[in-house]
Amino acid sequence: MFYREAGDFSTTYAEDQQTFPIKFDRWRYYVVLFIAIVVVPFFINDYWANSLLLPFLIYAIAAIGLNILVGYCGQVSLGTGGFMAVGAYACYKFMTGVDIWWGGELLFRLPEFNIFFSVIMGGVMTALVGVLFGLPSLRIKGFYLAVATLAAQFFLVWLFNRVSWFYNYSASGQINAPERDLLGVLITGPSTEPWATYLFCLFFTIVSAVIARNLTRGASGRKWMAIRDMDIAAEIIGVNPLRAKLTAFAVSSFFIGISGALFFAVYLGAVEVGEAFGITKSFLVLFMIIIGGLGSIFGSFAGAAFLVLLPVLLKVVGVDWLGWPTDIVAHLQLVIVGLLIIVFLIAEPHGIAQLWRVAKEKLRLWPFPH
Amino acid sequence: MPEQLVFTVEVFLNGLMAGVLYALVALGFVLIYKASGIFNYAQGVMALFAAMTLVGIQNGQVPFAHLINAIFGTDVHKFGWSVHSFIAIALTVVVMVALAWAVQRFVFRHLVGQEPIILFMATIGLAYFLEGVADLMWGSELKALNVCAADGACLPQGMNLWLDETTFTAFGTGIFIDNLDIVASVIAALLVIGLVMFAQYTKQGRAMRAVADDHQAALSVGVSLNFIWILVWSLAGFVALVAGIMWGAKSGVQFSLSLIALKALPVLMLGGFTSIPGAIVGGLIIGVGEKLFEFLIGAPFLGGATENWFAYMLALLFLVFRPQGLFGEKIIERV
């Protein structure tokens, strides 16, 4: 009854082209944003922040990034974990001051960056690395590329494990986020407030979503989609495939890098690269976009929420209520995730986002569906 | 003969042995890809599943014992008997055929005509599902795998003493080769010959090749696609079982066994997804290449553990110059 567009006229082109043309939709999003920004920080506690909200926000950024590459540009990548690691390590280096050595002598040393700019630099560095590994995509296509991105995954993890410059020669080989603040509020380190870390991640998530949404419905998004649908045809109608693919790799890696930086600096605080950014992470983010919906920004959020909630839900039901051992629940989770992937691919290849779209369409027509 | 050279020869031979095993896993991929265009990421997990099933049947484990105990509060673990290796292998083959049927019936029949990349993602889902089922069914702890024909006649373990002594007397330095690797290479070679014979000289093999060539044309001359796909997945399951036995006997049956699939991927990229000889040659190149690189460059200069990525990098560089792989069919694209 409320979800309708009757009487909702757009009188300018700008109004006609806005992201949420239906008034109700727009206001609903404003309400969601209001609750997320203003209400939640007052009620948040450590449990909610660390087990649900932070991972959700951070994975949502990674999923948006991967969705740009896979869902919009059609280049399947299994290197997400490696790119997240680049973001994390770049962020760490910029947080602690980048030092360049040559022949045992310190050539120069950048001053320590503010945490905000460190995270952004994490994204920028990842974008550069992403372009580098995206270069073969012009010649290699489909599966071959999917497998080729595994090269990035394994090589980057190995690099961060072996080259001690990246972890500042620490004995454990781990990187630990030192205490850093933004405008006097602690963002990283062990003694942070949940609302501060939450708002910090929320800011990046919202900005990423807005940027991604506007990029994908603009000229570059059209080019990516043309490449995805048929690259040779796209080339003939004047899309430069190299440019389109490389920008997709760059933008996608930028977001993935930011999520990696947040994952390390704000969420975990300490990271061992093989464990935190292994190939399972690549698959996890890939699953998020398959379940959420390929080629949809909302789908990235839905998929991230789903796969962050599922383990928590299973743990609550399996371990706390039924009293099963944790390893059984963990294996059951593998079975359920695998089954869900297959079911979604068979029944609804466009994921939760498509279910949502169908539901919206039904609501718009309700109560007179014909 | 200088010591360094003998070491290099040893590394080369070991690489060759490892390459044979990679090729064995890659074969499973090629079989399925040729016949159905599905790039089966789950091949490694199938090897794990097969090896776990084999061990479980051998030891008379109750399937899903953990789950049953957790739900009903019982305490069952084993039936209390142990099964002879050959019977266990035969039973495992039956299980793998059943799996092939189920995969065809419940997954890929519904995905006919979808884009290859969707099918690929479905196999990733299948891999997760199978891994979870395998762990729930047989438990996730490390298990030893012994395949014995009779008492004392098991798959051999340990260093080949004869080779070591002969080379020691000849060059002053022994060459270390694992007995199991030699046996594995022989078995893998036999399997490859068997598969090629099957594809070339039997009716089903001919049908398989027809399907690989052109689905529509094969259908129109009366080949049952359904049957061929189940046959191919069963064959891939059998290859996975052999690979699982070899790797399981070497380092125990555990989760890391499923990662051999990741080793086989660069082999495929190098050799081409559609070529059986490609899988073999690619496997040998990757096996020898990564062992030699680790020995000559990786360990002394780069801090070791280069085996994890060298194969991928090699394949990636190679693909930039020849995108369809060494023996792959030429990719012709038209609008």
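Higher on the page you've got the structure.
Residues numbered from 1 in each chain as written. Chains lettered and ligands numbered in written order. Predicted model: local features only at pLDDT ≥ 70, side-chain atom pairs only at ≥ 80, totals over all residues. Heavy atoms only, no water.

### Points about the overall build of chain B
Test applied: Under the DSSP-based scheme used, a helix requires at least four consecutive residues in state H or I and a strand at least two consecutive residues in state E, with every element numbered from the N terminus. The buried label applies to any residue whose accessible area, calculated with a 1.4 Å probe on protein chains only, is under 20% of its type's maximum; exposed applies above 50%, and partly exposed to all values in between. By definition in these notes, contact holds between two residues if any of their heavy atoms fall within 4.5 Å. Surface accessibility in these figures is a Shrake-Rupley result with a 1.4 Å probe; residues are shielded only by whichever protein chains are displayed.
Helices and strands together make up the secondary structure of chain B, namely 13 helices and 0 strands. Of the regular secondary structure in chain B, the N- to C-terminal order runs α-α-α-α-α-α-α-α-α-α-α-α-α. Relative to its full complement of 335 residues, chain B shows a buried share of 53%. In chain B, the share of contacts with a sequence separation of at least 24, taken over all contacts with a separation of at least 6, comes to 72%. For chain B, the computed accessible surface area is about 14,700 Å², with 68% contributed by carbon and sulfur atoms.

### Focus: the overall build of chain A
Defined as follows: Here the globule rule is a power law, 2.2 Å times the number of residues to the power 0.38, and the radius of gyration is based on C-alpha atoms. For the purpose of charge, His is not counted, nor are the chain termini; Lys and Arg are scored as positive and Asp and Glu as negative. A charged residue contributes its charge at one atom only: NZ of Lys, CZ of Arg, CG of Asp or CD of Glu.
Of the regular secondary structure elements, chain A holds 15 helices and 6 strands. Here the C-alpha atoms of chain A give a radius of gyration of 22 Å, agreeing with the 21 Å that 2.2 N^0.38 yields for 370 residues. Overall, chain A is about 75 × 55 × 45 Å in size when its C-alpha atoms are taken along their principal axes. Put simply, chain A has 370 residues, and 50% of those count as buried. For chain A, long-range pairs separated by at least 24 residues make up 72% of all intrachain contacts whose partners lie at least 6 apart in sequence. Summing over all exposed atoms, chain A offers an accessible surface of approximately 17,000 Å²; the carbon and sulfur share of this is 68%. Between the mean site of the 23 positive side-chain charges and the mean site of the 21 negative ones, chain A shows a separation of 9 Å.

### Brief notes about the interface of chain A and chain B
The criterion, for reference: By convention, the term buried area covers the 1.4 Å-probe accessible surface removed from two parts as they join, with the contributions of both added. The working definition used for a salt bridge is a side-chain nitrogen of Lys or Arg within 4 Å of a carboxyl oxygen of Asp or Glu. Any pair of nitrogen or oxygen atoms within 3.5 Å is treated as a polar contact; in protein, a donor-acceptor pairing is required on top of that, and neighbouring residues in sequence qualify only through side-chain atoms on both sides.
The interface is formed by 46 residues belonging to chain A together with 54 residues belonging to chain B. For the pair chain A and chain B, the summed buried surface comes to about 4,500 Å²; carbon and sulfur atoms form 82% of the total. Broken down residue by residue, the surface that chain A buries against chain B is led by A:Phe143, A:Tyr144 and A:Trp158, which jointly contribute 18%. On the surface where chain A and chain B come into contact, there are 0 salt bridges. Our count for the contact surface shared by chain A and chain B stands at 0 residue pairs in polar contact (both at pLDDT 80 or more). Those elements that place two or more of their residues in the side of chain A that touches chain B are α6 (142–162), α9 (231–236), α12 (279–292) and α14 (326–347) of chain A.

### Notes on the pattern of salt bridges
If you walk through the whole model with that rule in mind, you get 2 salt bridges over all chains. Linking A:Asp229 and A:Arg228 is a salt bridge whose minimum nitrogen-to-oxygen distance equals 3.1 Å. Its relative accessible area of 32% is what places A:Arg228 among the partly exposed residues. As a salt-bridge pair, B:Glu290 and B:Lys291 come within 3.9 Å of each other at their nearest N and O atoms.

### Details of the packing of aromatic side chains
Put simply, the rule reads: The rule is short: rings of Phe, Tyr and Trp, with Trp giving its six-membered ring, pair when the centres are within 6.5 Å, and they are stacked under 30 degrees, edge-to-face over 60, tilted in between. The criterion is that NZ of a Lys, or CZ of an Arg, lies within 6 Å of the ring centre and within 35 degrees of the ring normal, and then a charge sits over that ring.
With the rule as written, the count across this model stands at 29 aromatic pairs over all chains. Between A:Lys93 and the ring centre of A:Trp165, over which it is positioned, the NZ or CZ distance is 4.0 Å.

### A few points about the state of the cysteines
Covalent bonding between the sulfur atoms of two cysteines defines a disulfide. Residues and elements named next belong to chain A. Our working rule: By convention in this document, the label disulfide applies to cysteine sulfur atom pairs within 2.5 Å.
Counted by the stated rule, this structure contains 0 disulfides over all chains. The thiol of cysteine 201 is unpaired, and the distance to the nearest cysteine sulfur, on cysteine 91, comes to 11 Å. According to the relative accessible area criterion, cysteine 201 is buried, its value standing at 0%.

Purely spatial values, then, with no claim about function.
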